[in-house]
Amino acid sequence: MELRQLRYFVTLAETGNFHRAAERLNISQPPLTVAIRKLEAELGATLFDRGSRGVTLTPAGRSSLEIARATLAQADRFREAVREGAVGERGRLRVGFVGSATFELLPRLITEYRRRYPAVELVLEEATSTEITRKLAATELDVGLVRLPLLHIAAVDTRVIDPDELHAAIPDGSPFASADSVELSALAQQPFILQSRISVLHSITLTACQKAGFMPIVAQEAAQLSAVLALVRSGLGVALVPSRAARSVPQGVRLVRLAQQVPVLTGVALPRERASPLARNFAAIASDSQ
């Protein structure tokens, strides 16, 4: 049995006439007649009673008409799903993101992506840039929002989408908290809270301090930026964090601009090979959001 035969059956049932059915199907009448006879032979039942004025459905035909219509509708939905999947309009997209992307970038991208692609299921996973690139290479994620530059060579392509700069996160009780800006070298004797060593922010902070002429006194390390800010609030030390974190800084912490800008970049990462249409669409929206 073919979908073509079901379509012929439904059209003939709706028109009640071989000639009108053939016109609607844009075929000649003989192929339609042959197709219906073959369908009846295959099913072992007569679907139509033929008469001089047209055809009427037999009990077998009446009982199967709605199922035939539903089958054709389901086939049409299948075709549409295939088309949508091929162009990235339907499916399941796994997005990895660094914690700092939650301050502003990720909510903005998710809102726009859902508006454009409402049929796509989003699965979000917070991780470090290193973990995200590893999972992209292993096809465990489809696209990632990562901190650049990457610390390790990875089989991914990256593009800067959100340039930012580091500010000093300082507890309210510090004399530096009231300043409009601060020289990084002035913080040389302050204990520092760093993100863990697998974070790009860890290496960016160390490099910035070295350029300012000192090695930071590391009081504590934390895996997540939110934990870093919480430790600053507790008075354990200062930290360098992206300025985008300003909206999520807890009470008792102030972000102070550095006198000499220290750039920090967020990028979108795709697998170097076999990036899905879903992932490419997300990356395009991320690039357009700059």
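Residues numbered from 1 in each chain as written. Predicted model: local features only at pLDDT ≥ 70, side-chain atom pairs only at ≥ 80, totals over all residues. Heavy atoms only, no water.

1. A word on the pattern of salt bridges
Close approach of charged atoms lets side chains of opposite charge pair. A complete count under the given rule lists 20 salt bridges for this structure. Note that Arg50 is salt-bridged to Glu40, the shortest N-O span being 2.9 Å. Of the two residues, Arg50 sits in strand S1 (residues 48-51) while Glu40 sits in helix H3 (residues 29-43), which places them 10 residues apart along the sequence. Note on Arg50: relative accessible area 40%, which makes it partly exposed. Bridged by salt links that share partners, the residues Glu104, Arg108, Asp162, Asp164 and Arg244 form one connected network. (Salt bridge = Lys/Arg side-chain N within 4 Å of Asp/Glu carboxyl O. Helix = DSSP H or I, 4+ residues; strand = E, 2+ residues; numbered from the N terminus. Buried < 20%, exposed > 50% of the residue type's maximum accessible area, 1.4 Å probe, protein only.)

2. As for the side chain of Ser129
With respect to the element layout, Ser129 can be found in helix H6 (residues 129-137). A distance of 2.7 Å separates the side chain of Ser129 from the backbone nitrogen of Arg147, its partner in a polar contact. (Polar contact = N/O pair within 3.5 Å; in protein donor to acceptor, adjacent residues only side chain to side chain.)

3. What about the environment of Ile27?
Note on placement: Ile27 falls in the loop between helix H2 (18-25) and H3. Its relative accessible area of 27% is what places Ile27 among the partly exposed residues. Setting aside residues no more than four positions away along its own chain, Ile27 makes contact with Tyr8, Ala22 and Leu32. (Contact = heavy atoms within 4.5 Å.)

4. Considering the side chain of Arg147
Here Arg147 lies in strand S5 (residues 143-148). Nearest to the buried, unbridged Arg147 among oppositely charged side chains is Asp164, at 5.7 Å. Of note is the side chain of Arg147, whose polar atom sits 2.2 Å from the side chain of Ser100. Sequence-distant contacts of Arg147, defined by excluding residues within four places in its chain, comprise Val98, Ser100, Ser129, Val200, Leu201, Pro242, Val264, Leu265 and Thr266. (Lys, Arg positive; Asp, Glu negative; His and termini not counted.)

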